[in-house]
Amino acid sequence: MDFKSDITKRFFAKQDIGAAESINDLRDKEFSGKTLSAEEKFALVNFDRYRLAILNSQEDEEQFHQHYRQLQVISNLGDWREFLKDEYSK
């Protein structure tokens, strides 16, 4: 799976960065004992699958760390609904 540079463009082109509930917000919600909806659970699974595919496909340490940092930002600031899309569930 290739890192989709357009995903960062979609997240960072928004004027309301950080206003949407993020992947990490869902994780916090789950860890605090609140029940997640089926869609929220699906988004978490898709994000984890995407994250692992991206990180495992890196051929050198520099690229790994670059993508790791980008994924951290996405998981903190991006809308979790992005990971409901079909492109992340393959």
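Before reading on, note that the structure itself is shown above.
Quick notes on the rules
Residues numbered from 1 in each chain as written. Predicted model: local features only at pLDDT ≥ 70, side-chain atom pairs only at ≥ 80, totals over all residues. Heavy atoms only, no water. Patch = residues over 30% accessible without salt bridge, like charges linked within 9 Å, V, L, I, M, F, W, Y side chains within 5 Å. Areas by Shrake-Rupley, 256 points an atom, 1.4 Å probe, with all protein chains shown as cover. Salt bridge = Lys/Arg side-chain N within 4 Å of Asp/Glu carboxyl O. Lys, Arg positive; Asp, Glu negative; His and termini not counted. Charge placed at Lys NZ, Arg CZ, Asp CG, Glu CD. Helix = DSSP H or I, 4+ residues; strand = E, 2+ residues; numbered from the N terminus. Phe/Tyr/Trp six-rings, centres within 6.5 Å; stacked < 30°, edge-to-face > 60°. Buried < 20%, exposed > 50% of the residue type's maximum accessible area, 1.4 Å probe, protein only. Core = buried A, V, L, I, M, F, W, Y, C linked by side-chain atoms within 4.5 Å. Contact = heavy atoms within 4.5 Å.

Any chance you could explain a negative patch on the surface here in plain terms?
The grouping of E59, D60, E61 and E62 at the surface amounts to a negative patch. By the secondary structure assignment, E61 is in helix α4 (residues 61–77).

Teacher, can you tell me more about the packing of aromatic side chains here?
What characterises a pair of aromatic rings is the spacing of the ring centres plus the angle enclosed by the ring planes. Throughout the structure, instances matching the rule amount to five aromatic pairs. An angle of 85° between the planes, with centres 5.2 Å apart, marks the rings of Y50 and Y88 as edge-to-face. Placement of the pair is Y50 in helix α3 (residues 38–56) and Y88 in the segment after α4, with a sequence separation of 38 residues. Given a relative accessible area of 0%, Y50 falls into the buried group. Residue Y88 is classed as buried on the basis of its relative accessible area of 0%. Between F83 and Y88 the ring centres are 4.7 Å apart and the planes differ by 50°, which places this aromatic pair in the tilted class. For the pair F83 and Y88, a shared accessibility class is recorded, and that class is buried. Site record: aromatic cluster; members linked through ring pairs are F47, Y50, F83 and Y88.

Before we go on, may I ask you to explain the nonpolar core in this structure?
Across soluble globular proteins, you tend to see nonpolar side chains buried next to one another. If you look at the biggest cluster of nonpolar residues, it comprises 14 residues, and the most contacted ones within it are I23, F47, Y50, L71 and F83. Elements that contribute at least two residues to this core include exactly α2 (23–31), α3 and α4. It is α3 that contributes the most residues to this core, six residues altogether. Residues within four places of F47 in sequence aside, it is in contact with I23, R27, L71, I74, S75 and F83.

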